[in-house]
Amino acid sequence: MSSIPSAKGIDSTLALLRNPYEFIPDTCRDLEGDLFETRILFQKTICMTGAAAAEVFYSEDGLVRAGSMPKRIQRTLLGEKGIQGLDGEAHRHRKRMFMSLMASERIEALENTTRDLLDRYARDWQAAEKVVLYDEVREILTRAACAWSGVPLPEAEVETRTAQMTALFQDAGAIGWKHWGARLARHRAERWTAGIIERLRDGSLQTGQESAAHVVATWRDLNGELLTSKVAAVELLNVVRPIVAVSAFIAQAAHALHRHPEWRQKLKDDEGQLEPFVQEVRRLYPFFPAVAARVKSDFEWRGYPQAITYRGEGPVTSAESYTCQ
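Since we're looking at a predicted model, the values are computed, not measured.

## Quick look at the overall build of the chain
Assigned secondary structure in the chain consists of 13 helices and nine strands. Taking all 325 residues of the chain together, the buried fraction comes to 43%. Intrachain contacts of the chain at a sequence separation of at least 6 include 65% that bridge at least 24 residues. On the chain, roughly 17,500 Å² of surface is accessible, and the fraction owed to carbon and sulfur atoms is 53%.

Okay, here's the thing in structure tokens:
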């Protein structure tokens, strides 16, 4: 087997924190390869990059999710014991719950709800001296996500729930007080959604059977049991939170259109340009630097030995990966 190149230094944790999106591709370029060995948090780590490396992470047979994601991310962004930590048939079964929400008419309903809210807010923006688009869109999408999901959202709670959903994705990888703020937001948000699940189950709250809240509250796992209130709360947030997180891409798309105004007319003239435009925004404005998985057993990739794998996305390449041993 080939010897894996090594990055400089004893540990690369600080280098990764200083430059999370470009640490891997920059180091790979310096070493003139597509992978290297280092230490992250003093654990032996292999970093990979490129399309071929990305394929490793889409090979469900070779990867496990359980125990792969750092605890600080589980306790903020993802929650614990949700679908991101399941493998095999348990993962596929839970995934069917989420896919049941993806019927075209349900997606259209979410689009219509969001568009109506955008139109309503836009009327107020016309008279405003300044509009902070990211703040406005986060609130819009919190309202839309809750309405679509069957989650009650009293007007008095809109600001609070918007802040909680934002903290889960915006501060998930933060260090210091922001991280602890995100953990507190996770705790409060799960308590909120667990209460909704319990009310749906005891009949004190009614919502449409097609709603995410109803589907999650009544879903049974492989053992035939209802999800615990805590796990159901995590999964309901796994519906609401990602919708709110799209606010980041909307703000980034607006920034891209500001920097490249010619695209405004292109998108008006040809709807077929929308998909490539959105994908290019995702490539140039990466949302989150890393996700994690472990392989089930040692394997060989391009003549190199591999063991535990940790993947990230960056603006330079289609995928970046860490492999921790």
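## Observations concerning unusual backbone geometry
Positioned with a positive phi, glutamate 32 is a non-glycine residue whose angle comes to about 55°. Within the element layout of this structure, glutamate 32 appears in the loop between helix 2 (23-31) and strand 1 (35-40).

## Considerations on the nonpolar core
Formed by 45 residues in total, the largest nonpolar core has its most connected members in Val151 and Met165. Where this core is concerned, the elements lending two or more residues are helix 4 (71-78), helix 5 (88-99), helix 6 (104-125), helix 7 (133-149), helix 8 (158-170), helix 9 (177-202), helix 10 (212-218) and helix 11 (229-259). No other element matches the nine residues that helix 11 contributes to this core. Residues within four places of methionine 165 in sequence aside, it is in contact with Ala189, Trp192, Leu237, Val240, Arg241 and Val244.

## Some details on helix 11
End to end, helix 11 covers 46 Å across 31 residues, agreeing with the expected 45 Å (1.5 Å per residue, within 8%). Where helix 11 bends most, the angle comes to about 25°, and this point is asparagine 238, followed within four residues by the proline proline 242.

## Here's the deal with the environment of arginine 143
Tracing the backbone shows arginine 143 in helix 7. Residue arginine 143 is classed as buried on the basis of its relative accessible area, which comes to 16%. For arginine 143 and leucine 153, which are ten residues apart along the polypeptide, the C-alpha to C-alpha distance reads 7.3 Å. For arginine 143, the contacting residues outside a window of four places in its chain are Leu117, Arg120, Tyr121, Leu153, Glu155 and Val158. A polar contact of 2.8 Å, which involves the side chain of arginine 143, links it to the side chain of tyrosine 121.

## Digging into the packing of aromatic side chains
Per the stated rule, a full pass over the model turns up two aromatic pairs. A centroid spacing of 5.8 Å and a plane angle of 80° characterise the contact between phenylalanine 23 and phenylalanine 36, whose relative ring orientation is edge-to-face. Here phenylalanine 23 is found in helix 2, whereas its partner phenylalanine 36 is found in strand 1, with 13 residues between them in sequence. Judged by relative accessible area, phenylalanine 36 falls into the buried class, the value being 0%. Arranged with centres 5.7 Å apart and planes meeting at 35°, the rings of tryptophan 263 and phenylalanine 277 form a pair that is tilted. In this pair, tryptophan 263 sits in helix 12 (residues 262-269) while phenylalanine 277 sits in helix 13 (residues 274-284), placing the two residues 14 residues apart along the sequence. The ring of tyrosine 134 has arginine 138 lying over it, and the distance from NZ or CZ to the ring centre is 4.9 Å. Over the ring of tryptophan 263 we find lysine 266, and its NZ or CZ is 4.5 Å from the ring centre.

## A few points about the packing of helix 6 against helix 7
For the pair helix 6 and helix 7, interaxial distance at closest approach is 9 Å and the crossing angle is 140°. The pairing of helix 6 with helix 7 is recorded here as oblique in orientation. The element helix 6 and its partner helix 7 pack so that their crossing is right-handed. Residues Arg106, Ala109, Leu110, Thr113, Thr114, Leu117, Leu118, Arg120, Tyr121 and Trp125 of helix 6 form the contact with helix 7, whose own contacting residues are Leu133, Glu136, Glu139, Ile140, Leu141, Arg143, Ala144, Ala147 and Trp148. In the contact of helix 6 with helix 7, the residues fall into twelve nonpolar, two polar and five charged.

## A few points about the side chain of glutamate 190
Residue placement: glutamate 190 occurs in helix 9. Excluding its chain neighbours within four sequence positions, the residues that come into contact with glutamate 190 are Gly79, Lys230, Ala233, Val234 and Leu237.

## Re the confidence of the model for the chain
Model confidence for the chain is summarised by a mean pLDDT of 85, while 86% of its residues fall at 70 or above. Scored below 50 in pLDDT, residues 307-325 shows 106 contacts in the model against residues more than four places distant or in partner chains.

The rules behind the values
Residues numbered from 1 in each chain as written. Predicted model: local features only at pLDDT ≥ 70, side-chain atom pairs only at ≥ 80, totals over all residues. Heavy atoms only, no water. Helix = DSSP H or I, 4+ residues; strand = E, 2+ residues; numbered from the N terminus. Buried < 20%, exposed > 50% of the residue type's maximum accessible area, 1.4 Å probe, protein only. Contact = heavy atoms within 4.5 Å. Areas by Shrake-Rupley, 256 points an atom, 1.4 Å probe, with all protein chains shown as cover. Core = buried A, V, L, I, M, F, W, Y, C linked by side-chain atoms within 4.5 Å. Expected span 1.5 Å × (residues − 1). Bend = angle between axes of the 7 residues up to and from the residue. Polar contact = N/O pair within 3.5 Å; in protein donor to acceptor, adjacent residues only side chain to side chain. Phe/Tyr/Trp six-rings, centres within 6.5 Å; stacked < 30°, edge-to-face > 60°. Lys NZ or Arg CZ within 6 Å of the ring centre and 35° of its normal. Axes fitted to C-alpha atoms, helices over the stretch in contact; angles between N-to-C directions. Parallel < 35°, antiparallel > 145°, perpendicular 65-115°, else oblique. Left-handed = near helix turned anticlockwise from the far one by under 90°. Nonpolar A, V, L, I, M, F, W, Y, C, P; charged D, E, K, R; others polar. pLDDT = per-residue confidence, 0-100.

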